[in-house]
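So you can see what is in the structure, the chains are spelled out below.
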Amino acid sequence: MQTQADKQLSDEQSREIAETIREELARRRISRQALAEQAKLSLSTLEKVLGGRRPFTLATTVRLEQALGVSLRKNAVVVTPPAENDVAPDSLGSYAHRAVTWLEDVYVTLRPSFGDKDAIFAYRTEIVWEPKVSSLVFREGDRTDAPYEHTGEVAVPHQSGFIYLVIIKHGQHRVITVSRPTVSGEMYGIISTLRAGPGSQLTPIAAPIAYVPIRNVAKPSLGRVASGDANYELYRKHLRRTVDEPFALFLPA
């Protein structure tokens, strides 16, 4: 027996909903994979309903409405108002979760290697909403220097138009300031941190940094990427874009 949740919407309703979802994905610059994960649907199911190969059910539509925070059905009310804990603290920009879903993704992170001036250091960074702290957080992974992998908070203030990835640990600060994503999802800016030297020596250092959605790189190279690597020129192009366009400026002494 078919339940109300299993009820299939008409072809016309399905087409309208699919069109609205595609517009939202383009406007927010988020991937279908990210939306599927947020709505707790398989990517295959999402692809089929968006492609018209399967009609929307009421249950699928409600899940997508909750994930996007918008009404997909005509004459329907918005189904999920923001919860009290769905807004980041003022210190991070007071943003609502549904207003920053376009930032949630997995990125290849690129910066110059601090140990080899001709190499590029690449690792993975995931940006996700963390309900426990009611904000976006970032988590680094696949670093060859695993002890230095960081997890921190993401600030998205309305005033500056920039995004800040911040780590404060035992009083030590590391700040990454990047632009809002480009049309293809990349973010460019500056990392300000400490460079580890011999023994216990630490030196303040700033460098260009780029966040490239991992889906934009066919076979990502991670670790210390040298000139012979297949991705070296692509990675170098992204880092050069940071200063050439410029997304960030480095002033001479």
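Scroll up a little and you will see the structure.
Right, let's walk through the structure included here.

Conventions we followed
- Sequence positions are assigned chain by chain, starting from 1 and proceeding in written order.
- Since the coordinates come from a predicted model, pLDDT governs what is reported: local features require at least 70, and pairs of side-chain atoms require 80 or more to be given and counted, while whole-chain, interface and lining totals use all residues.
- Where side-chain values are given, they derive from all heavy atoms of the structure, hydrogens and water being excluded.
- By this definition, two strands are paired if DSSP reports at least two bridges between them.
- Labels follow the DSSP assignment, with helices taken as runs of H or I lasting at least four residues and strands as runs of E lasting at least two, numbered in each case from the N terminus.
- For salt bridges, the criterion is a side-chain nitrogen of Lys or Arg within 4 Å of an Asp or Glu carboxyl oxygen.
- A simple rule labels every residue: compare its accessible area, found with a 1.4 Å probe on the protein chains alone, to the largest value its type can have, and call it buried under 20%, exposed over 50%, or partly exposed in between.
- Two aromatic rings, drawn from Phe, Tyr or Trp (for Trp, its six-membered ring), form a pair once their centres lie within 6.5 Å of each other, and the interplanar angle then sorts them: stacked below 30 degrees, edge-to-face above 60, tilted otherwise.
- Working rule: Lys NZ or Arg CZ, within 6 Å of ring centre, within 35 degrees of ring normal, means a charge sits over the ring.

## A closer look at the pairing of strand 4 (residues 151-155)
Piece 1. Relative to strand 4, strand 3 (residues 135-141) runs antiparallel, the two being bridged by 3 bridges. Bridging from a neighbouring strand, Arg139 pairs with Thr151 of strand 4.
Piece 2. Pairing analysis gives 3 bridges linking strand 4 to strand 5 (residues 163-169), with the strands arranged antiparallel. Paired with Glu153 across the bridge in strand 5 is Val166.

## Comments concerning the pattern of salt bridges
Piece 1. Inspection of every chain in the model, using the stated rule, returns 10 salt bridges.
Piece 2. The residue Arg32 makes a salt bridge to Glu47 at a minimum N-O spacing of 2.6 Å. With Arg32 in helix 2 (residues 32-39) and Glu47 in helix 3 (residues 43-50), the pair connects residues that are 15 residues apart, well separated along the chain.
Piece 3. Among the salt bridges present, the one from Glu130 reaches Arg139, with a minimum N-O distance of 3.0 Å.
Piece 4. You can call Glu130 buried: its relative accessible area is 18%.

## Comments concerning the packing of aromatic side chains
Two measures describe an aromatic ring pair: the distance that separates the ring centres and the angle between the ring planes.
Piece 1. What the rule picks out here adds up to 4 aromatic pairs.
Piece 2. Here Phe121 and Tyr123 contribute two aromatic rings whose centre-to-centre distance is 5.6 Å and whose plane-to-plane angle is 50°, an arrangement assigned as tilted. As far as burial versus exposure is concerned, Phe121 and Tyr123 are alike and both buried.
Piece 3. In this structure, Arg111 packs its charged tip against the face of Phe114, placed 3.8 Å from the ring centre.
Piece 4. Against the face of Tyr123 rests Arg143, its NZ or CZ located 4.7 Å from the ring centre.

In short, geometric facts, not functional conclusions.
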